[in-house]
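Report on the structure
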Amino acid sequence: MFAESATGLPGLYVADDSVTASSQWATPAVDWGFLIVPQEVMNNQVYHYERGKTLGGSSAQNSMIYNRGTKDCYGGWANATGDASWVWDSLLPLFTRGINYTGTESQTLGVSNAPVQLSFPNFALPFSSYTAEGFREIGVPKVQSLIGGELLDSQYNPFTINPTEATRDSSQASFLEASMTAGRNNLKAYTHSLARKVLCSQNSTSSRAAGVQVIFGNAPPFTLSATKEVIASAGAIQSPQLLIASGIGPQSTLDQYNISTIVNSPGVGQDLWEHALVLLSQTSISEGFGRLNDPEYAEQQRMAYYANQTGEAAQELDEMFPLDWPELEREIASAEKTPGSTVNIGTIIQSLVSPLSRGNISIRSTSMLDPPIIDLNRLSHPTDQKLAAQSFRRMRQLFNTTAIKPILAGEEVPGPNVQADEQILEYIESTVAFNWHAACTCKMGAWNDTMASLDSGAKVKVWRA
Ligand SMILES: Cc1cc2nc3c(=O)[nH]c(=O)nc-3n(C[C@H](O)[C@H](O)[C@H](O)COP(=O)(O)OP(=O)(O)OC[C@H]3O[C@@H](n4cnc5c(N)ncnc54)[C@H](O)[C@@H]3O)c2cc1C
């Protein structure tokens, strides 16, 4: 699915529009319209936090960037769960089985008949090429690929784009479509339906998920019974909400809402990770997305996309840790100067991918129709603040390299007057954005880790006194 931006270009994603509260109902048919709890960082403003409400979930509206973790980070999962099947060598064949990769190294990274198309867009920002050279100058070498278990250093990222059609491959367009086409008759998708509660059968020695209570519009709730298991895959925001509404969550929350306890699981909804984003932008004289605000040029690009899948619409605009895990991710992007301006802006989006700040998810009522309480608590940890400020200075160093300088015409955001540590931190705190990478709210872990609500096989842990 491609949403069209104001420029009329398919797939072109304008990040700034999506983070303000005013964008809450911009795409109500496919987005839940969640708002986050205001926090001191970001001046207590309310922000919209996108989550896909459609087949394919958030993969139907995300920036399509495909990454894998590092070898040692999966080793960390194996240690935390006490289950060796989470190591990289065991996971790689599973990753590979799902991916049909068009690019270099195809023999190790995917297989030709796999459902998910992974490729590179037909358009790359010239600004990225200058930046790649700049990275070499500040000592960041090239890594062979970003999906081979190594992430330190820089490289072009593959996208979940079908290279033949230049269209998005969401989990619906890939896995679900492939299963339907293969004629599986034991798979049925209930659209426009909301799981209200996981129903459990219990006796003195065991608890078992027996089905799901579902609502469909104004019709009375109905039950889907499970003969084997119920898989709750409602994402990092609504999976904990569904578990808590079903009686699996922190005892204090269950008591507060008078929900019968199935499992007192204190970790459900806790430990929410999100990647804070810090932006540094320069006016760029090289080609960027600002010129798409020239209606004539935008029309040319739109036609180019529909005619032969080329042009700028062929690239998404947006687009305790192991030693091989990066602390920061830098995405090279472009933007318009102000809404409607054709001036090109080159932007480095800096993402804190090893955050120490943690948020949480809770409920505001027992109904799944009410949005959960989403507290991201970004940049609350002093180390995250320091790292963000250091990264900011490092990226100014990048903009000062001989490779990039010739195409830059002056710092746009926050501007050259922001120099002192306090000014930088103030800028970061008042503008920090998010990456929609909510994770870890139903954590897996060893049996004695009471904050891990799931075992290493992603099954709800049931502790008995
Ligand atoms: C704007 C945006 C950009 C992003 N960019 C990238 C990117 O470039 N690269 C990347 O790797 N990640 C990106 N992400 C993150 C990535 O898309 C998510 O991490 C991923 O899709 C999460 O998958 P999930 O299955 O856990 O949850 P989701 O994709 O959110 O799916 C959950 C599904 O459950 C459904 N659901 C929820 N509650 C219920 C209920 N009670 N009953 C029935 N159904 C329910 C939802 O409607 C949804 O369909 C982005 C996310 C967003 C929003």
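Residues numbered from 1 in each chain as written. Predicted model: local features only at pLDDT ≥ 70, side-chain atom pairs only at ≥ 80, totals over all residues.

Some points on the overall build of the chain
Note the threshold: In this text, helices come from DSSP runs of H or I with a minimum length of four residues, and strands from runs of E with a minimum of two, each type numbered from the N-terminal end. Every C-beta atom is placed from the backbone, and the number of other C-beta atoms within 10 Å of a residue's own sets its class: buried at 20 or more, exposed at 12 or fewer, partly exposed in between.
Helix and strand counts for the chain stand at 11 helices and 18 strands. When burial is assessed residue by residue, the chain has 36% of its 465 residues classed as buried.

Examining the UniProt feature "binding site: FAD" (unreviewed entry) in the chain
Quick note on the threshold: UniProt positions are given in the numbering used here, feature names are shortened, and annotations may be inferred rather than shown by experiment.
What UniProt calls "binding site: FAD" (unreviewed entry) maps, in this numbering, to Trp-436 and His-437. Checked against the element boundaries, Trp-436 lands in the segment after β18 (433-434). The exposure class assigned to Trp-436 is buried, which follows from the 20 C-beta atoms found within 10 Å. Tracing the chain through its elements places His-437 in the segment after β18.

Side note on the environment of Trp-25
Within the fold, Trp-25 resides in the loop between α1 (15-19) and β1 (34-35). When the C-alpha positions of Trp-25 and His-48 are compared, they lie 9.1 Å apart, and in sequence the two are 23 residues distant.

Quick notes on the packing of helix α10 (residues 382-399) against helix α11 (residues 421-431)
Counted only if it meets this: Lines are fitted to the C-alpha atoms to define the axes, a helix being fitted only along its stretch in contact, and any angle between axes, read from their N-to-C directions, falls within 0 to 180 degrees. In what follows, roughly perpendicular refers to angles from 65 to 115 degrees, roughly parallel to angles under 35, roughly antiparallel to angles over 145, and oblique to any angle outside these ranges. Once C-beta atoms are placed from the backbone, any two residues with those atoms within 7 Å are in contact.
Interaxial distance between α10 and α11 falls to 10 Å at its minimum, and their mutual angle equals 105°. For the element pair α10 / α11, the angle class is roughly perpendicular. Across the interface between the two elements, Gln-385, Ala-388, Ala-389 and Phe-392 from α10 touch Asp-421, Ile-424, Leu-425 and Ile-428 from α11.

Focus on helix α7 (residues 235-245)
α7 sits mainly inside the fold: 9 of its 11 residues count as buried. For α7, the full list of buried residues reads Ala-236, Ile-237, Gln-238, Pro-240, Gln-241, Leu-242, Leu-243, Ile-244 and Ala-245. With its phi angle positive at about 100°, Gly-247 sits one or two positions after the end of α7.

Quick look at the pairing of strand β7 (residues 194-202)
Heads up, the condition is: Note: two strands are recorded as paired if DSSP finds a minimum of 2 bridges between them.
As judged from the 8 bridges shared by β7 and strand β8 (residues 207-215), these two strands associate in the antiparallel manner. Looking at the pairing, Val-198 lines up with Val-212 of β8. Connecting β7 to the antiparallel partner β8 that follows it, the hairpin turn spans 4 residues.

Details of the sheet that holds β8
If you walk across this open sheet you meet the 3 strands as β7-β8-β9, and the pairing is antiparallel. Either end of the sheet is taken by a strand with one partner, and the two such strands are β7 and β9 (222-225). With direction set aside, neighbouring strand axes in the sheet form an average angle of 35°.

Details of the site of the ligand
Here is the rule: We count a residue as near a molecule or strand when its backbone-placed C-beta atom lies within 6 Å of that partner. Three classes are used: nonpolar for Ala, Val, Leu, Ile, Met, Phe, Trp, Tyr, Cys and Pro, charged for Asp, Glu, Lys and Arg, and polar for all others, with Gly counted as polar. An automatic or database domain assignment supplies the residue ranges for each domain.
Lining the immediate environment of the ligand, one finds 24 residues, of which Gly-57, Asn-62, Ser-63, Gly-235 and Trp-436 sit closest. Only β7 and α7 provide two or more residues apiece to the shell around the ligand. For the shell around the ligand, the element with the most residues is α7, which contributes 4 residues. In the shell around the ligand, the residues fall into 9 nonpolar, 12 polar and 3 charged. A domain split of the shell around the ligand shows at least three residues from each of domain 1 (15-30 + 56-180 + 276-354 + 380-431) and domain 2 (194-264).

As for the UniProt feature "domain: Glucose-methanol-choline oxidoreductase N-terminal" (unreviewed entry) in the chain
UniProt's entry tags residues 235-249 with the feature "domain: Glucose-methanol-choline oxidoreductase N-terminal" (unreviewed entry), counted in the numbering of this structure. Counted over residues 235-249, helix gives 73% and strand 13%. Its end C-alpha atoms are 16 Å apart.

Digging into the environment of Thr-261
As for its position among the elements, Thr-261 is in the loop between α8 (251-256) and β11 (263-264). By C-beta crowding, Thr-261 is classed as exposed, having 12 other C-beta atoms within 10 Å. Note: C-alpha distance between Thr-261 and Gly-247 (14 residues apart in sequence) is 4.7 Å.

Some points on the nonpolar core
Here is the rule: Structurally, a nonpolar core is described as a collection of buried Ala, Val, Leu, Ile, Met, Phe, Trp, Tyr and Cys residues joined by way of C-beta atoms within 7 Å.
Core analysis: the largest hydrophobic core is formed by 27 residues, its most contacted members being Ala-276, Leu-277, Val-278, Ala-388, Phe-392, Ile-428 and Val-432. Elements with a contribution of two residues or more to this core: α5 (126-137), β12 (276-284), β13 (328-336), β14 (344-352), α10 and α11. Looking at which element gives the most residues to this core, the answer is β12, with 5 residues. The contacts of Phe-392, once residues within four sequence positions are left out, are Val-278, Leu-280, Ile-424 and Ile-428. In terms of nonpolar packing, the next biggest core, distinct from the first, is built from 17 residues, Val-212, Ile-244, Cys-442 and Val-460 among them.

Details of unusual backbone geometry
A cis amide bond links Val-413 to the next residue, Pro-414, at an omega of 5°. The residue Pro-414 is located in the loop between β17 (408-413) and α11 in this model. Backbone geometry at Cys-440 places phi at a positive 75°, although glycine is not the residue there. By secondary structure assignment, the location of Cys-440 is in the segment after β18.

Quick word on the confidence of the model for the chain
Note the threshold: Per-residue confidence from the prediction method is given by pLDDT, with values spanning 0 to 100.
Residues of the chain with pLDDT of at least 70 account for 89%, and the chain-wide mean is 87. Note on residues 1-8: pLDDT is under 50 here. Beyond four places in sequence and across chains, it has 20 contacts. Under a pLDDT of 50 for its full length, residues 11-18 has, in the predicted model, 21 contacts with residues more than four places off or in other chains.

Here's the deal with the environment of Glu-50
Here Glu-50 shows up in the loop between β2 (48-49) and α2 (71-81). When the C-alpha positions of Glu-50 and Phe-34 are compared, they lie 6.5 Å apart, and in sequence the two are 16 residues distant.

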